[in-house]
Amino acid sequence: MVCIRQATIDDLLEMQRCNLFCLPENYQLKYYYYHILSWPQLLYVAEDYDGKIVGYALAKMEEECAEPHGHITSVAVSRTHRKLGLATKLLSASHKAMEEVFGAKYVSLHVRETNKVAIHLYTKTLGYKKMDLDLKYYADGENAWEMRKYFGEPPASKSEAKA
């Protein structure tokens, strides 16, 4: 059995470990500290029955923008615990906190253009939409889709506003 809960400062090393085993984009420990000290309500972990962190969602708020919105910095689930819906649960918890605590209008993220499994999760399960392709976004030169999920009605597009 796996429990989804808000992360604590004591979880950061295990979150980093999970990141190092699961993803090519890795962060220094100070980046995890920055997130938990700035937006503690937005970080969630998946903890197994042995107390091991097997997944996490690292998120933040972009508060300097015209519309306050959240951003998913990183989400990962250990290979041994995939296909259990943990990423969906982790992200949903973070989404809820963004909207309820910070009044976010939407959440954004970047995903590798070739990561078809993640794109399917974001679009089909969680309701994200592709917004733009950011060329050479990643350090290895791979492109990234910028994606957004609106909480409530998305704003009218410029063509809809003219009609």
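A quick note: this is a predicted structure, and the numbers were derived from the prediction, not measured. (Residues numbered from 1 in each chain as written. Predicted model: local features only at pLDDT ≥ 70, side-chain atom pairs only at ≥ 80, totals over all residues. Heavy atoms only, no water.)

> Help me understand helix α4 (residues 116-125) in this model?
At 3.6 residues per turn, the α-helix brings residues three or four places apart onto the same side. Three or more residues of α4 are buried, namely Ala118, Ile119, Leu121 and Tyr122. Taken down its axis, α4 places every buried residue within 160° of arc, on the same side. What points out from α4, more than 90 degrees from its buried face, is the exposed set Lys116, Val117 and Lys124. Among the structural elements, β4 (69-77), α3 (86-102), β5 (106-112), β6 (129-134) and β7 (144-150) are those in contact with the buried residues of α4. Positioned one or two residues after α4, Gly127 has a phi angle of 85°, which is positive. (Buried < 20%, exposed > 50% of the residue type's maximum accessible area, 1.4 Å probe, protein only. Helix = DSSP H or I, 4+ residues; strand = E, 2+ residues; numbered from the N terminus. Arc of directions from axis to C-beta. Contact = heavy atoms within 4.5 Å.)

> For this particular structure, what's the right way to read the packing of helix α1 (residues 12-22) against helix α2 (residues 29-38)?
When two helices pack together, their arrangement is given by the angle between the helix axes and by the axis-to-axis distance. It is at 10 Å that the axes of α1 and α2 come closest, and there the two elements cross at 125°. Our classification of the angle between α1 and α2 gives oblique. Classified by chirality, the crossing of α2 by α1 is right-handed. Counting all contacts with α1, which are made through Leu12, Leu13, Met15, Gln16 and Asn19, the residues of α2 involved are Leu29, Tyr32, Tyr33 and Ile36. (Axes fitted to C-alpha atoms, helices over the stretch in contact; angles between N-to-C directions. Parallel < 35°, antiparallel > 145°, perpendicular 65-115°, else oblique. Left-handed = near helix turned anticlockwise from the far one by under 90°.)

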